[in-house]
Amino acid sequence: MHEISIGVYIASAFLVAVAQVLLKISADRVYSTRIREYLNPLVLSGYFLFTISLVVSILAYRYLPLSTAKMLDSTTYLFVAVLGYFLLNERLQLRQLLGMFIIIAGILVFSI
């Protein structure tokens, strides 16, 4: 059950990353009214994914130690960087790659 909970929690972190990318895409667009700026499919989908992620995280907390869950939270940064690179054509700078390496190293050290 522990391994399944880890997978569920990582999936939750991925949903958060997708939600953040959707909100970024929406923020880069120009809207005719303030209402459309906040009530459009991208924003609503992003907040819906945030909500689903919250529920999934709470369910995973039932079977994961808090320390493990907090460590897995850092995977969100990795997912956001990778999604930004592929979906938003953002460049990954050396500092960001180094930061991602440190995050992965920290996860590996903690899990050993």
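Caption draft 1: Expanded view of the confidence of the model for the protein chain. Looking at the protein chain, pLDDT values average 94 and 100% of them are 70 or higher. Per-residue pLDDT, averaged within each element of the protein chain, yields its smallest value for helix 4 (residues 66-73) (89) and its largest for helix 3 (residues 41-61) (96).

Caption draft 2: Expanded view of the packing of aromatic side chains. Taken as a whole, this structure holds four aromatic pairs when the rule is applied. Aromatic side chains phenylalanine 14 and phenylalanine 79 sit 5.3 Å apart centroid to centroid with 90° between the ring planes, which places their arrangement in the edge-to-face category. Taken together, the positions of phenylalanine 14 in helix 1 (residues 2-27) and phenylalanine 79 in helix 5 (residues 75-87) put the pair 65 residues apart, joining distant regions of the chain. Looking at phenylalanine 14, the relative accessible area reads 36%, which means it is partly exposed. According to the relative accessible area criterion, phenylalanine 79 is partly exposed, its value standing at 23%.

Caption draft 3: Region of the structure containing the layout of surface pockets. The computed volume of the largest pocket comes to approximately 150 Å³. Every residue along the wall of the largest pocket is listed here: Gln20, Val21, Lys24, Val80, Ala81, Gly84, Leu88, Glu90, Arg91, Leu92, Gln96 and Met100. Breaking the lining of the largest pocket down by element, the ones donating at least two residues are helix 1, helix 5 and helix 6 (94-111). Taken together, the residues that form the lining of the largest pocket break down as six nonpolar, three polar and three charged.

Caption draft 4: Quick peek at helix 4. Turning to helix 4, its buried residues are Thr68, Ala69, Met71 and Leu72. The arc enclosing the buried residues of helix 4, seen along the axis, measures out at 160°, which places them on a common side. Elements in contact with the buried residues of helix 4: helix 1, helix 3, helix 5 and helix 6.

Caption draft 5: Broad picture of the nonpolar core. Tyr9, Ala60, Leu64, Ala69, Met71, Leu72 and Ile107 form the largest nonpolar core, which has seven residues in total. At three residues, helix 4 tops the list of elements feeding residues into this core. Residues in contact with alanine 69, not counting those within four places in the same chain, are Tyr9, Tyr61 and Leu64.

Caption draft 6: View of a nonpolar patch on the surface. Together, Met1, Ile4, Val8 and Tyr63 line one region of the surface with nonpolar side chains, adding up to about 400 Å² of accessible area. Tracing the chain through its elements places isoleucine 4 in helix 1.

What counts and how
Residues numbered from 1 in each chain as written. Predicted model: local features only at pLDDT ≥ 70, side-chain atom pairs only at ≥ 80, totals over all residues. Heavy atoms only, no water. pLDDT = per-residue confidence, 0-100. Helix = DSSP H or I, 4+ residues; strand = E, 2+ residues; numbered from the N terminus. Phe/Tyr/Trp six-rings, centres within 6.5 Å; stacked < 30°, edge-to-face > 60°. Buried < 20%, exposed > 50% of the residue type's maximum accessible area, 1.4 Å probe, protein only. 1 Å grid on protein atoms, 1.4 Å probe; cavity = no way out; pocket = protein on both sides within 12 Å on 5 of 7 lines; lining within 4 Å. Points joined across faces, edges and corners; volume = space filled by probe spheres on them. Nonpolar A, V, L, I, M, F, W, Y, C, P; charged D, E, K, R; others polar. Arc of directions from axis to C-beta. Contact = heavy atoms within 4.5 Å. Core = buried A, V, L, I, M, F, W, Y, C linked by side-chain atoms within 4.5 Å. Patch = residues over 30% accessible without salt bridge, like charges linked within 9 Å, V, L, I, M, F, W, Y side chains within 5 Å. Areas by Shrake-Rupley, 256 points an atom, 1.4 Å probe, with all protein chains shown as cover. Salt bridge = Lys/Arg side-chain N within 4 Å of Asp/Glu carboxyl O.

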